[in-house]
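These are the residues of each chain, in order.
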Amino acid sequence: MKWIETARAYKKMDPAARSILEIILLYPGYHASGYYRVAHFFYTHKMFFIARFVSHVGRFFTQIEIHPGATIGRRFVIDHGAGVVIGETAIVGDDVFMYHQVTLGSKSHHDEGKRHPTIGNHVVIGAGAIVLGDIVIGDHAVIGANSVVTKSVEPGCVVAGNPAKLLKRN
C-alpha cells in the first residue's frame, strides 16, 4: 500500500509530524502525491483529459503541480509544498525529499522528447531550487536552497548556488 508507505516516510522525515493520521488528513504534499497517483493512472491509460483534470484539481487544493506524465518513485516527500512544479517528462526516484517552490522544468518549450530532469534515489532538493533540462541528479545528492541546476550532478555530491557549483563530493 503506497499511501501508508508514503505517510510513514513523511513521519520519518518531518519532526513536526505528530501522527500518521495528521499527515493523511492535513499535509498538502501528501495529498498532491495522491492526486498525482490517480492522474498518472489515467495518463498511462491514455485518458489524458481526465488525467489533466485530476491534476488540475490537485493543484487547486494543494498549490503543487505535478504533471500526470511525470514518473514519481516511492516514499516521495514534499515538505511545505506550495509552489512545487514537476514537468511531464521528469523522473523522480525513491525516497526523494523536496522542499517548497522547487521546479523540475525544461529549458525550452520547443524541446521534444525527454525535457525534464531525472532525480535519483535518496536526493534532497532545497527550497526554491530550480532544476532544468534533461539532466541527471545522482543518488544521495543534495541540491541547496535557491540553486539553479542546469548540469548533471554526480551521486553523493552537494551543489548550491546560481549557477549551481559543487560544494562537496562524497
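Let us look at the structure shown here. Values in this document were obtained by computation on a predicted structure and should not be read as measured data.

Conventions we followed
Residues numbered from 1 in each chain as written. Predicted model: local features only at pLDDT ≥ 70, side-chain atom pairs only at ≥ 80, totals over all residues. Heavy atoms only, no water. Pairing = 2+ DSSP bridges. Helix = DSSP H or I, 4+ residues; strand = E, 2+ residues; numbered from the N terminus. Buried < 20%, exposed > 50% of the residue type's maximum accessible area, 1.4 Å probe, protein only. 1 Å grid on protein atoms, 1.4 Å probe; cavity = no way out; pocket = protein on both sides within 12 Å on 5 of 7 lines; lining within 4 Å. Points joined across faces, edges and corners; volume = space filled by probe spheres on them. Nonpolar A, V, L, I, M, F, W, Y, C, P; charged D, E, K, R; others polar. Salt bridge = Lys/Arg side-chain N within 4 Å of Asp/Glu carboxyl O. Axes fitted to C-alpha atoms, helices over the stretch in contact; angles between N-to-C directions. Parallel < 35°, antiparallel > 145°, perpendicular 65-115°, else oblique. Contact = heavy atoms within 4.5 Å.

**Describing the sheet that holds strand 9 (residues 124-125)**
- Read from one edge of the open sheet, six strands run 3-6-9-12-14-15, paired in mixed fashion. Single-partner strands in this sheet number two, and they are strand 3 (77-78) and strand 15 (165-169).
- The sheet contact formed by strand 9 and strand 12 (residues 142-143) spans two bridges and is parallel. Opposite isoleucine 125, over in strand 12, you have isoleucine 143 as the bridge partner.

**Topic: the pairing of strand 14 (residues 157-160)**
- Going residue by residue along strand 14, you find Cys157 and Val159 tucked away on one face and Val158 and Ala160 left uncovered on the opposite face.
- The sheet contact formed by strand 12 and strand 14 spans two bridges and is parallel. Each bridged residue has a counterpart across the sheet, and for isoleucine 143 the counterpart in strand 14 is valine 159.

**Digging into empty space enclosed by the protein**
- Inspection of the entire model under this criterion finds one cavity of 30 Å³ or more.
- When its volume is computed, the largest cavity comes out at roughly 40 Å³.
- Around the largest cavity, the lining residues are Ala32, Tyr35, Tyr36, Ser55, Gly58, Arg59, Ile64 and Ile66.
- Of all the secondary structure elements, the ones that give two or more residues to the lining of the largest cavity are helix 3 (28-44) and helix 4 (48-62).
- For the lining of the largest cavity, a count of residues per class yields five nonpolar, two polar and one charged.

**Points about the pattern of salt bridges**
- Using the criterion set out here, one finds six salt bridges in the structure.
- Two residues, glutamate 5 and arginine 75, come together in a salt bridge whose shortest N-O distance is 2.9 Å. Within this pair, whereas glutamate 5 is found in helix 1 (residues 2-13), its partner arginine 75 is found in the loop between strand 2 (71-72) and strand 3, the two being separated by 70 residues in sequence.
- Linking arginine 115 and glutamate 88 is a salt bridge whose minimum nitrogen-to-oxygen distance equals 2.8 Å. Here arginine 115, found in the loop between strand 7 (103-105) and strand 8 (118-119), pairs with glutamate 88, found in the loop between strand 4 (85-86) and strand 5 (91-92); they are 27 residues apart in sequence, far enough to count as distant.
- The class of arginine 115 is buried, set by a relative accessible area of 18%.
- The network of salt bridges with shared partners includes Glu5, Arg74, Arg75 and Asp95.

**Topic: the packing of helix 3 against helix 4**
- With their axes 7 Å apart at the nearest point, helix 3 and helix 4 run at an angle of 175° to one another. One way to sum up the angle between helix 3 and helix 4 is to call them roughly antiparallel. Residues Pro28, His31, Ala32, Tyr35, Val38, Ala39, Phe42 and Tyr43 of helix 3 lie in contact with helix 4, whose contacting residues are Phe48, Ile50, Ala51, Val54, Ser55, Val57, Gly58, Phe61 and Thr62.
- For the contact of helix 3 with helix 4, the class distribution of residues is 13 nonpolar, four polar and no charged.

**Quick notes on the environment of isoleucine 78**
- Among the secondary structure elements, isoleucine 78 is positioned in strand 3.
- Given the relative accessible area of 1%, isoleucine 78 is considered buried.
- Placed 69 residues apart in sequence, isoleucine 78 and serine 147 show a C-alpha to C-alpha distance of 17 Å.
- Among residues more than four places away in sequence, those in contact with isoleucine 78 are Tyr10, Gly29, Ile64, Ile66, Val84 and Met98.

**What to know about the sheet that holds strand 8**
- Pairing within the open sheet is parallel, and its four strands lie in the order 2-5-8-11. The sheet is open, and its two borders are formed by strand 2 and strand 11 (136-137), each paired with just one other strand.
- The pairing of strand 8 with strand 11 spans two bridges and is classified as parallel. Residue threonine 118 lies in a different strand from strand 11, and its bridge partner there is valine 136.

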